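Architecture and fold: a report
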Amino acid sequence: MDLTLRIWRQASAESKGQFVDYQVQNISADASFLEMLDILNESLVMKGEEPVAFDHDCREGICGACSLYINGRPHGPDRGITTCQMHMRNFKDGETIVIEPWRAKPFPVIKDLMVDRTAFDEIIQAGGFITVRTGGTLPDANALPIPRAAAEDAMDAASCIGCGACVAACKNASAMLFVAAKVSQFALLPQGRPEARERVQNMVAKMDELGFGNCTNTYACEAECPKEISVSHIARMNREFFGAKLSAPLKKE
Amino acid sequence: MSLAGLFLITFLVVHLTINILILFDDTRELFNQAAHFMLTNPLIQTFQWVLFAGFIIHIILGFVLQIQNWIARPMRYERKGFSETSYFSKFMIHTGVIVLIFLGLHFANFFFKVKFGPIEMIAYESGVYKDVGALVVALFKDIWYVIFYIISLLLLGFHLQHGFQSAFQSLGLNHKTYTPAIKLIGNIYSVLVTAGYLAIPIVIYFFK
Ligand code: HEM
Ligand code: SF4
Ligand code: FES
């Protein structure tokens, strides 16, 4: 198929970007979206032009590196998959595809379609972990009895790959779905409980400090999340947050 | 935000039950009596300040929230997003601002006049009251006023359709069976409350 690509080009974080139109020909419907961009980039390199920069790593939907806001939707038109898992059969011959980077103040563009998602790492550093030493000294995780439903729910939350599509999709650029997934995966398990109150407060404070927007429950995040993380985790985080605010703080030594 | 919103949601029901009384008799006795009760009962008069606070908190938070959200996305997308969302959630600030303008007019025309303006008295067997009802009927004889009311109230309905269930999610309530029930109740509530308020200017304009 032949396509027109309307791609955001921006040489560096400081420079002003603009859209540039490209034509690609003879793209197979079985090609993946990123393969199609590879084909475009090869042709650009042949012509001595700068290739389009975009994030990718595993190309199998598990690492969270790929992004791209394609025709008004993060990770493109298909549901429940990442951009790297999407195939060209989702598009029609002759179509114009508009490709933009994630747009959010805490996700500045590095180059072209690549954005800096360090903000997510900072949120994790604010509390998205449990403070125990791992290694041979721990009891086996399987020795802890955990209700199956809790384990399932925690696993659903833990499937978040930190791609940032939720922020990109949200009209408020809110990171609530990401943070809620990271809060939930610990809140549901006994290992996460002792630090749950501090965790939720610190992670939410960090999220606000970094300049993400506020959640107004539009639910666009849930619709676009490649891992189909449910907004019920946001409600859980809200519960955890109010509970933490209302309960007596733990004593610090 | 959510608590103030839910508080305003209950207020709307109380306000409607009183207003709708005006449609039930031609002498406006029921309504004037109820208005008299609202204007003189000390509990209601005290509670009125809580209500103002509820509005002010909700409005200020609404603006702050929205401004922060605009700042959070300095660069807009070229292609508008069309993700599946709670539809009216996209227009909360717009419907909210119209409701706010409506509130301003509503206050100028009813609240201040009823409280401070000269109002004719009317005598019934049950007593002598301010004829607040006459004021309402007079205003709703103006077609432009009626049209503005209809538009604002429809937008309020849209605001409520998203707001009702949103408030519960914000408070942390999301449940396999309760959430669909809340959404259903929210839809029924929005339609009934909007229809109830709409009935007043329309019936008065055409039939009183
Ligand atoms: C009788 C009048 C009103 C009622 C019953 C009402 C009710 C609600 C409710 C229940 C919510 C959802 C809250 C949440 O999810 O946390 C909401 C959201 C909102 N309201 Fe109102 N509202 C009213 C008037 C206004 C006015 C006058 C404004 C003026 C700007 C406004 C602006 C907003 C905004 C921006 C939101 C979105 C924020 C959010 O979803 O949390 N509202 N409203
Ligand atoms: S919640 Fe979903 S959309 Fe958001 S970062 Fe995680 S995987 Fe990506
Ligand atoms: S490249 Fe790893 S998820 Fe897409």
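Just so you know, these numbers come straight off a predicted model, no measurement behind them.

Looking now at the overall build of chain A. Counting secondary structure elements, chain A contains eight helices and seven strands. For the C-alpha atoms alone, the extent of chain A along its principal axes is close to 65 × 35 × 35 Å. Out of the 253 residues in chain A, the part that is buried amounts to 43%. The contacts in chain A between residues at least 6 apart in sequence include a share of 69% that link residues at least 24 apart.

At the interface, 29 residues of chain B touch 31 residues of chain A. Among the secondary structure elements, those contributing two or more residues to the side of chain B that touches chain A are helix H3 (42-71) and helix H6 (143-170) of chain B. In the side of chain B that touches chain A, the residues fall into ten nonpolar, twelve polar and seven charged.

Take the site of ligand 1 next. All names here are of chain B. Neighbouring ligand 1 are 28 residues; Ser 2, Gly 5, Gly 62, Gly 96 and Gly 163 lie closest to it. Broken down by element, the residue count for the shell around ligand 1 peaks at seven residues, all from H6. In terms of residue class, the shell around ligand 1 is made up of 16 nonpolar, twelve polar and no charged.

Below, the discussion takes up the sheet that holds strand S4 (residues 73-74) of chain A. Residue and element names in this part refer to chain A. Spatially, the five strands line up as an open sheet ordered S2-S1-S5-S3-S4, and their pairing is mixed. Of all strands in the sheet, those bounded by a partner on one side alone are strand S2 (18-24) and S4. The pairing of strand S3 (residues 69-70) with strand S5 (residues 96-100) spans two bridges and is antiparallel. Looking across to S5, one finds that Tyr 69 is bridged to Glu 100.

All right, on to the site of ligand 2 then. Residue and element names in this part refer to chain A. The full set close to ligand 2 counts 14 residues, and Cys 160, Cys 163, Ala 165, Cys 166 and Cys 225 are the nearest of them. Those elements that place two or more of their residues in the shell around ligand 2 are helix H4 (165-169) and helix H5 (176-187). Take the shell around ligand 2: its biggest share by element is three residues, from H5. Along the lines of polarity and charge, the residues of the shell around ligand 2 split into eleven nonpolar, two polar and one charged.

Quick look at the confidence of the model for chain B now. On average, chain B scores 94 in pLDDT, and the residues at 70 or more come to 100%. Prediction confidence for the complex, expressed as pTM and ipTM, is 0.93 and 0.91 respectively.

Thresholds applied
Residues numbered from 1 in each chain as written. Chains lettered and ligands numbered in written order. Predicted model: local features only at pLDDT ≥ 70, side-chain atom pairs only at ≥ 80, totals over all residues. Helix = DSSP H or I, 4+ residues; strand = E, 2+ residues; numbered from the N terminus. Buried ≥ 20, exposed ≤ 12 C-beta atoms within 10 Å, placed from the backbone. Contact = placed C-beta atoms within 7 Å. Nonpolar A, V, L, I, M, F, W, Y, C, P; charged D, E, K, R; others polar. Near = placed C-beta within 6 Å. Pairing = 2+ DSSP bridges. pLDDT = per-residue confidence, 0-100.

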